[in-house]
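Secondary and tertiary structure notes
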Amino acid sequence: MKQRTIAQQVELVGIGLHKGVPVKMVLEPMPAGSGIVFRRSDLGVDIPLEPTNVIDTTMATTLGNRTSPQAKISTVEHLLSAISAYGIDNLKISIDNEEIPIMDGSAIAHCMLLDEAGIAELEAPKPFMRITKEVKVQEGPKFVKISPAPLLSFDFSIDFAHPAIGKQHYNFAFSKHAYKEQIAKARTFGFLQEVNYLRSIGLAKGGNLNNCIVLDEHGIVNKEGLRYEEEFVRHKILDAMGDLTFLGMSMVGAYQACMGSHKLNAQVVQKVLETKSYEVVHLNLTPSPQQAKSLEMVHAYH
């Protein structure tokens, strides 16, 4: 496998979930070794996809440029989830406001945009981060753990004291096709009683029944109901895939979470990088037999 970008420039316009303002987003191809770079086109400021640029994890993952405090980009996780699933290593993402368009609250619109753009392989080897030892972060009963494994997989459990959610568990073995069928269409969700509070702190201004599963105290407000029986926990996996892109390369390992969050995802990424609990493998190098088996399986799943 070689590094990837998109074959042509594409764009869309949508509303930001939390700020509720129109946003134009443009995706542009980038050469090998560029990585994922966000750009506030209205401010002329670039924000590389790096863990140190995560400035907030309240309700969403928000990036910032520490030398230009006004240059923020929030709710990046759904787009990054799709980018991760498509194996894209190099991309410029330009927006003219401070939030990625929410679209329908899932990642499927971003998948469609990437399908429109097409994928281009670049003449450079693709690095993989193979996890070599377990890393765990915890906050009371909540935890996120990343462990060595021959394939990329996600195991997520949630427990909400709400009749429409309760306890849910989902195990997802990654492939691009499985992602589009099982994960990408899962929408974000929120509770009606929290809306007034969120709006009082400047969030959820663009949220509505077209881009969010809304729950009152009895059940689901959306007339069409759910897309999957476990849509809530599947969306948590969607978010986790987006947050893990901050590792800087495609991961080979197992992610497990119980009531995980953007905050814990950011912490586990930081811990993996700080403790160097991984090795970097390139397909153009001669791997060990164990690496060769892992990478052969990864290639099959991409």
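Below is a short write-up of the structure.

Conventions we followed
- Residues numbered from 1 in each chain as written.
- Predicted model: local features only at pLDDT ≥ 70, side-chain atom pairs only at ≥ 80, totals over all residues.
- Heavy atoms only, no water.
- Helix = DSSP H or I, 4+ residues; strand = E, 2+ residues; numbered from the N terminus.
- Buried < 20%, exposed > 50% of the residue type's maximum accessible area, 1.4 Å probe, protein only.
- Contact = heavy atoms within 4.5 Å.
- Areas by Shrake-Rupley, 256 points an atom, 1.4 Å probe, with all protein chains shown as cover.
- Lys, Arg positive; Asp, Glu negative; His and termini not counted.
- Charge placed at Lys NZ, Arg CZ, Asp CG, Glu CD.
- Pairing = 2+ DSSP bridges.
- Axes fitted to C-alpha atoms, helices over the stretch in contact; angles between N-to-C directions.
- Core = buried A, V, L, I, M, F, W, Y, C linked by side-chain atoms within 4.5 Å.
- Salt bridge = Lys/Arg side-chain N within 4 Å of Asp/Glu carboxyl O.

**Comments concerning the overall build of the protein chain**
- On a plain count of helices and strands, the protein chain comes out with 7 helices and 20 strands.
- Taking the principal axes of the C-alpha coordinates as reference, the protein chain spans close to 55 × 45 × 35 Å.
- Taken over 302 residues, the protein chain has a buried fraction of 54%.
- For the protein chain, the proportion of contacts with a sequence separation of at least 24, taken over those separated by at least 6, is 74%.
- Total accessible area on the protein chain stands at roughly 13100 Å², and carbon and sulfur atoms take up 51% of it.
- Looking at charge distribution, the protein chain has the averaged site of its 30 positive side-chain charges lying 3 Å from that of its 33 negative ones.

**Some thoughts on the sheet that holds strand E12 (residues 135–139)**
- A sheet is described by the order of its strands in space; here 5 strands give the open sequence E12-E13-E19-E14-E15, paired in mixed fashion. Two strands close off the open sheet at either side, each with one partner strand: E12 and strand E15 (166–173). Looking at each pair of strands side by side, their axes are set apart by 5° on average, direction ignored.
- In this structure, strand E14 (residues 153–160) lies alongside strand E19 (residues 254–258), joined through 5 bridges in parallel fashion.

**Quick notes on the nonpolar core**
- Grouped together as the largest cluster of nonpolar side chains are 73 residues, with contacts concentrated most on Phe38, Ile93, Phe172 and Tyr179.
- The leading source of residues in this core is helix H5 (residues 231–243), at 6 residues.
- Residue contacts for Tyr179: discarding those within four places in its chain leaves Ser81, Ala82, Ala85, Ala107, Cys111, Phe172, Phe174, Ala184, Leu238 and Met241.

**Structural notes on the pattern of salt bridges**
- Here the structure, examined in full by the defined rule, presents 12 salt bridges.
- A salt bridge links Asp104 to Arg227; its shortest N-O distance comes to 2.9 Å. One end of the pair, Asp104, is in the loop between strand E9 (91–95) and helix H2 (108–117); the other, Arg227, is in the loop between strand E17 (213–215) and H5, with 123 residues separating them in the sequence.
- According to the relative accessible area criterion, Arg227 is partly exposed, its value standing at 39%.
- For Lys263, the salt bridge identified is with Glu139, shortest N-O distance 2.8 Å. Here Lys263 is found in helix H6 (residues 262–275), whereas its partner Glu139 is found in strand E12, with 124 residues between them in sequence.
- Looking at Lys263, the relative accessible area reads 37%, which means it is partly exposed.

**Examining the sheet that holds strand E18 (residues 250–252)**
- Pairing in this open sheet of 3 strands is mixed, and the strands run E18-E11-E20 from one edge to the other. With one partner strand each, in any of the chains shown, E18 and strand E20 (278–282) form the two edges of the open sheet. Going across the sheet, the axis of each strand differs from the next one's by a mean of 35°, ignoring polarity.
- As paired elements, strand E11 (residues 127–131) and E20 share 5 bridges and run antiparallel to each other. Its bridge partner being in E20, Ile131 is matched across the sheet by Tyr278.

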